[in-house]
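Given next are the chains, with one letter for each unit.
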Amino acid sequence: MAEMSKNLSRFSFPTTSLFGVGAVRELPSQLQQMGCRRPLVVTDPGLLKTKAFVLLEKALGVEQRGKEWSLFHGVHPNPVDQDVVDAAKAYRDGKCDSVIAFGGGSALDVGKACRLLVKRPELNIAEFKFEDDWSGLVPCVCIPTTAGTGSEVGRSSVVTLSDVKRKTVIFHPALLARLVILDPELTADLPPQLTAATGLDALTHCIESFTSPVYHPLCEGIALEGIHMIVEALPRAVKNGQDLEARGQMLVAAAMGAIAFQKDLGATHSLAHPLSSLCGMHHGTANAVCLPQVMEFNAKRKPGLYRRVGIACELDIMKATPEDADRATIEFVRRLIVELGLKMGLGNYGVNASQIDALSEQAFADGCHLTNPVPVTREDLKALYQAAL
Ligand SMILES: [Fe+2]
């Protein structure tokens, strides 16, 4: 998609991932190979009641808790800086030597980030500097229990600074997990609505990163295959959560979506972020409701932009005009979202016209739209919210 940059490009796919049904049972031997004897499990309170957590506990040894491994389960749904501080304290109290980040994006982000405070206990997260020496962070194993954010393969953590009530993205390659375990059984009990919403976040990652102008053909290939896998597997995973084949495909595709967004994202994510922070919408749902509008906006200005996305969805549009190819692809995406049980229209989620000014303000300040395939103004974002209402 993108023009070759005049700047140098850096291509990097460094995370080892272990994938398959029952992969979590390999955790002890993997930790041993990494030389880790006392991991800290970082997760959120909701997960403690799930079958996924039982499987993790079984793998680590229930009776060994407190002896060979420690638990921190204080991660908030939208993690705050104090979560990172508390996780690092639990690490020190437990005399741990490694971190197992277990859960959705929030637990993974806190698990990755608390190692910064293990290295530098005096650090205030708000004052994190990329340029500082972050070598030698303790090893982290990321184990996702949802298939959406792909945070397990990411180099960043999103944390809200409670003082200023602002989300900050801590980005550093040192945050990367040493190992990712993708076990479809851990996602099998996720309810249909959450399966759909998180899966559509992954689809949005693939579509937006594919069309971003950043030069990275390797990621474009990954994004297209991710789209192909998601449109095939997501309806099956939503219909029957116990379909481990579909669950596995979604876990891999979600990781692929996050690998692909090394190319960055687009205007859909800029619209979605304020819908979560100001209106409390689920991130995946917010993306899904805005995605078709943004695709229409982009296609109007760059006809044919979505032809290869449509081909990845197995649409017969190879010889269609650019406009028809886009129309068929956008229609397919819209239908998929509705068939997965999501209501289109922001009004269905309590968003009203009086909020659009504040939403557009924040969406314009968000960096994701800077890599939208066509430039967007504040007025464009406002019009997109209006159209999505
Ligand atoms: Fe996302």
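Notes on the structure follow. (Residues numbered from 1 in each chain as written. Predicted model: local features only at pLDDT ≥ 70, side-chain atom pairs only at ≥ 80, totals over all residues. Heavy atoms only, no water.)

Side note on the overall build of the chain
Item 1. Looking only at helices and strands, the chain features 13 helices and eight strands.
Item 2. Computed over its C-alpha atoms, the radius of gyration of the chain comes to 20 Å, within 12% of the 21 Å expected for a compact globule of 389 residues.
Item 3. In terms of overall dimensions, the chain has a C-alpha envelope of 65 × 45 × 45 Å along the principal axes.
Item 4. Considering the chain as a whole, with its 389 residues, one finds that 56% of them fall into the buried category.
Item 5. When contacts within the chain are restricted to residue pairs at least 6 apart in sequence, long-range pairs at least 24 apart make up 76% of them.
Item 6. Summed over all atoms, the accessible surface of the chain reaches about 17000 Å², with 54% contributed by carbon and sulfur. (Helix = DSSP H or I, 4+ residues; strand = E, 2+ residues; numbered from the N terminus. Rg over C-alpha atoms; globule rule 2.2 N^0.38 Å. Buried < 20%, exposed > 50% of the residue type's maximum accessible area, 1.4 Å probe, protein only. Contact = heavy atoms within 4.5 Å. Areas by Shrake-Rupley, 256 points an atom, 1.4 Å probe, with all protein chains shown as cover.)

Notes on unusual backbone geometry
Item 1. We note that Lys95 has phi near 50°; this positive angle belongs to a residue other than glycine.
Item 2. For Lys95, the position within the fold is in the loop between helix H3 (81–93) and strand E4 (98–103).
Item 3. Looking at Lys95, the relative accessible area reads 66%, which means it is exposed.
Item 4. The backbone phi angle of Glu314 is positive, close to 65°, even though this residue is not glycine.

Section: the pattern of salt bridges
Item 1. For the coordinates displayed, the defined rule picks out 13 salt bridges.
Item 2. The shortest N-O distance in the salt bridge between Lys89 and Asp93 comes to 2.8 Å. Here Asp93 and Lys89 lie together in helix H3, a separation of four residues that amounts to about one turn.
Item 3. By relative accessible area, which is 46% here, Lys89 ends up partly exposed. (Salt bridge = Lys/Arg side-chain N within 4 Å of Asp/Glu carboxyl O.)

A short note on the nonpolar core
Item 1. Counting residues in each nonpolar core, the largest one holds 79 residues, and the members touching the most others are Val42, Leu200, Ile207 and Ile227.
Item 2. The dominant element in this core, judged by the number of residues it contributes, is helix H6 (residues 217–239), at eleven residues.
Item 3. With sequence-adjacent residues up to four places away left out, Ile227 is seen in contact with Leu203, Cys206, Ile207, Val309, Ala312 and Cys313. (Core = buried A, V, L, I, M, F, W, Y, C linked by side-chain atoms within 4.5 Å.)

Structural notes on the environment of Ala23
Item 1. The residue Ala23 is located in the loop between strand E1 (16–19) and helix H1 (27–33) in this model.
Item 2. Take Ala23: its relative accessible area is 5%, and that puts it in the buried class.
Item 3. Sequence-wise, Ala23 and Val110 are 87 residues apart; in three dimensions their C-alpha atoms are separated by 23 Å.
Item 4. If we ignore the near neighbours within four places in the chain, the residues touching Ala23 are Leu18, Ile181, Leu182 and Asp183.

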